[in-house]
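Fold and contact review
Okay, here's what each chain looks like letter by letter:
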Amino acid sequence: NYPATDYIFQPGDAMYEDINHDGNIDNRDIVYLGNGIPKITGGFGPSVTYRGTLKLTSYFVYRLGYDLVNQADINTSNMYGYDNQSTVVLKRWRNPGDVTNVPRALYRSGYNWLGSDRYVQDASFVRLQAVTVRYNFGRRILDRLGLRSASCYLTAENLYTWTKYKGQNPDVSMKGDNDPFAYPVDNALTPPPKNFLFGISASF
């Protein structure tokens, strides 16, 4: 908010780039940091059958080439108030000569927590959404039970997510009430739980 804000950056402060080289860090130095719209999104699900009785079905979902604002990281590393902080703040700058990528702590002061490429992260991911193993009982067992068909199955959901994203869940929906300038923000919502379901189906 220069020149209204009279603040002189000190050793240990976050280093913001003066893009237009006018001697000030302000809204004229804002640059493009990423895109919250995935370049590629989709899913695929291979299935394998063994001897007609055992079938394995899986389903993967993915988003590739998109970035996410890690708001949870901002909130837990800003060192701006008394709120709980992550262990990353243990690496903060403390004394002249310290070499670190975490700025100094300033209570209710300074600008070490502003949105920057420090908090915009690649959120590309591939998730194993579901796996189902189904066993179809053979004719001999069906005849004994007087059934036309029967099977049992085990389904597991949200087993694993491959990603380099540092937050809990890279699969964040974009909320903006039809705002064309909306972008995805991760506020550390609860990630999808692992679910396990077992079932039996039969027909007479």
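This text goes with the structure placed above it.
Note that this is a predicted model, so its numbers are computed, not measured. (Residues numbered from 1 in each chain as written. Predicted model: local features only at pLDDT ≥ 70, side-chain atom pairs only at ≥ 80, totals over all residues. Heavy atoms only, no water.)

With respect to the overall build of the protein chain
Quick reminder of the rule: Helical segments are the DSSP runs of H or I of at least four residues, strand segments are the runs of E of at least two, and each set is numbered from the N terminus. Relative accessibility decides the category of a residue: with a 1.4 Å probe and only protein chains considered, values under 20% of the type maximum give buried, values over 50% give exposed, and everything between is partly exposed. Contact definition: two residues touch when any of their heavy atoms are within 4.5 Å.
A tally of helices and strands in the protein chain yields two helices and nine strands. Counting only C-alpha atoms, the protein chain reaches 85 × 35 × 30 Å along its principal axes. Put simply, the protein chain has 204 residues, and 26% of those count as buried. Sequence separation of 24 or more characterises 65% of the internal contacts of the protein chain that already satisfy a separation of 6 or more.

Quick look at unusual backbone geometry
One non-glycine residue, Arg-51, lies in the positive phi region at around 55 degrees. By the secondary structure assignment, Arg-51 is in the loop between strand S2 (47-50) and strand S3 (54-64). By relative accessible area, Arg-51 is classed as exposed at 71%. Backbone geometry at Asn-158 places phi at a positive 55 degrees, although glycine is not the residue there. Inspection of the secondary structure puts Asn-158 in strand S7 (residues 149-163). Take Asn-158: its relative accessible area is 13%, and that puts it in the buried class.

Thoughts on the side chain of Ser-77
As for its position among the elements, Ser-77 is in the loop between helix H1 (71-75) and strand S5 (120-122). Residues contacting Ser-77, with those up to four places away along its chain left out, are Gln-85, Ser-86, Val-88, Val-89, Arg-118 and Tyr-119.

Here we look at the sheet that holds strand S4 (residues 67-70)
Here is the rule we go by: Any two strands with at least two DSSP-identified bridges between them are counted as paired.
The strand order S5-S4-S8 describes an open sheet built from three strands, whose pairing is mixed. Taken across any chain shown, the strands that pair with only one partner, and hence form the sheet edges, are S5 and strand S8 (185-186). Both S4 and S5 contribute to a ladder of three bridges, which runs antiparallel. Within S5, the position partnered with Leu-68 by the bridge is Gln-121.

Comments concerning a nonpolar patch on the surface
As a reminder of what qualifies: Patches in this entry comprise residues that are over 30% relatively accessible and not in a salt bridge; like charges within 9 Å are linked, as are nonpolar side chains (Val, Leu, Ile, Met, Phe, Trp, Tyr) within 5 Å. Residue-level accessible areas treat just the shown protein chains as cover; the underlying method is Shrake-Rupley with a 1.4 Å probe. Salt bridges are counted wherever a side-chain nitrogen of Lys or Arg sits within 4 Å of a carboxyl oxygen of Asp or Glu.
On the surface, a cluster of nonpolar side chains totalling about 520 Å² of accessible area is made up of Val-48, Tyr-50, Leu-54, Leu-56, Val-133 and Tyr-135. Elements with a minimum of two residues in the nonpolar patch: S2, S3 and strand S6 (125-136). Checked against the element boundaries, Tyr-135 lands in strand S6. When its relative accessible area of 33% is taken as the criterion, Tyr-135 is described as partly exposed.

Things to note about the pattern of salt bridges
Applying the stated criterion to the full structure yields six salt bridges. Asp-13 serves as the salt-bridge partner of Arg-104, at 2.8 Å between the closest nitrogen and oxygen. A residue pair is termed long-range when its members are at least 10 positions apart, and Arg-104 in the loop between H1 and S5 and Asp-13 in the segment before strand S1 (40-44) qualify at 91 residues. With a relative accessible area of 18%, Arg-104 lands in the buried category. Two residues, Asp-171 and Arg-127, come together in a salt bridge whose shortest N-O distance is 3.6 Å. With Asp-171 in the loop between S7 and S8 and Arg-127 in strand S6, the pair connects residues that are 44 residues apart, well separated along the chain. Of the residues examined, Asp-171 reaches a relative accessible area of 28% and is grouped as partly exposed.

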